[in-house]
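Okay, here's what each chain looks like letter by letter:
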Amino acid sequence: MSNTIQAPRLLRIGEVCLALGMSRSSIYREIYAGRLNAIQVGERSLRVSTEEIERFISTRPIKETA
């Protein structure tokens, strides 16, 4: 039995942009509006966990196409 702790994968904002297909400014807008949770690392850096990205995607409305 292993007692290792599995740390969540934290993505940089640029990686979050690629994962969600959104612009950098849109990602920051979602973070500051409280719709996407980010973790501050250091004085000026933010990271978003892969679990948070999955949660964010699952809460977005599905847009139907015509």
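As the structure is a prediction and not an experimental result, all values here were calculated from the model.

A. How the structure looks around the pairing of strand E3 (residues 45-49). Judged from the 2 bridges that link them, strand E1 (residues 10-11) and E3 form a sheet pairing that is antiparallel. In the sheet register, Leu11 faces E3, and the bridge partner there is Val48. One ladder, built from 3 bridges, connects strand E2 (residues 39-41) with E3; its direction is antiparallel. Bridging across to E3, Val41 finds its partner in Ser45. In sequence, E2 turns back onto E3 through a hairpin of 3 residues, with Gly42 there showing a positive phi of about 75 degrees.

B. Structural detail: the sheet that holds E1. Strand order in this open sheet of 3 strands is E1-E3-E2, and the pairing throughout is antiparallel. Unpaired on one side and paired on the other, E1 and E2 mark the two borders of the sheet. Contacting E1 and E3, helix H3 (residues 50-59) crosses the sheet at an angle of about 65 degrees to E3.

C. Local environment of helix H2 (residues 24-32). The set of residues buried in H2 consists of Ser26, Ile27, Glu30 and Ile31. Down the axis of H2, the smallest arc covering the buried residues is 140 degrees, so these residues share one side. Phi for Gly34, located one or two positions after H2, is positive at around 85 degrees.

D. A look at the environment of Glu30. Position of Glu30 among the secondary structure elements: in helix H2. Looking at Glu30, the relative accessible area reads 8%, which means it is buried. A sequence separation of 26 residues divides Glu30 from Phe56, and the C-alpha atoms of the two residues are 9.8 Å apart. Beyond its immediate stretch of four places on either side in the chain, Glu30 contacts Met22, Arg35, Leu36, Phe56 and Arg60. Polar side-chain contacts of Glu30 include one of 2.7 Å to the side chain of Arg35.

About the thresholds
Residues numbered from 1 in each chain as written. Predicted model: local features only at pLDDT ≥ 70, side-chain atom pairs only at ≥ 80, totals over all residues. Heavy atoms only, no water. Pairing = 2+ DSSP bridges. Helix = DSSP H or I, 4+ residues; strand = E, 2+ residues; numbered from the N terminus. Contact = heavy atoms within 4.5 Å. Axes fitted to C-alpha atoms, helices over the stretch in contact; angles between N-to-C directions. Buried < 20%, exposed > 50% of the residue type's maximum accessible area, 1.4 Å probe, protein only. Arc of directions from axis to C-beta. Polar contact = N/O pair within 3.5 Å; in protein donor to acceptor, adjacent residues only side chain to side chain.

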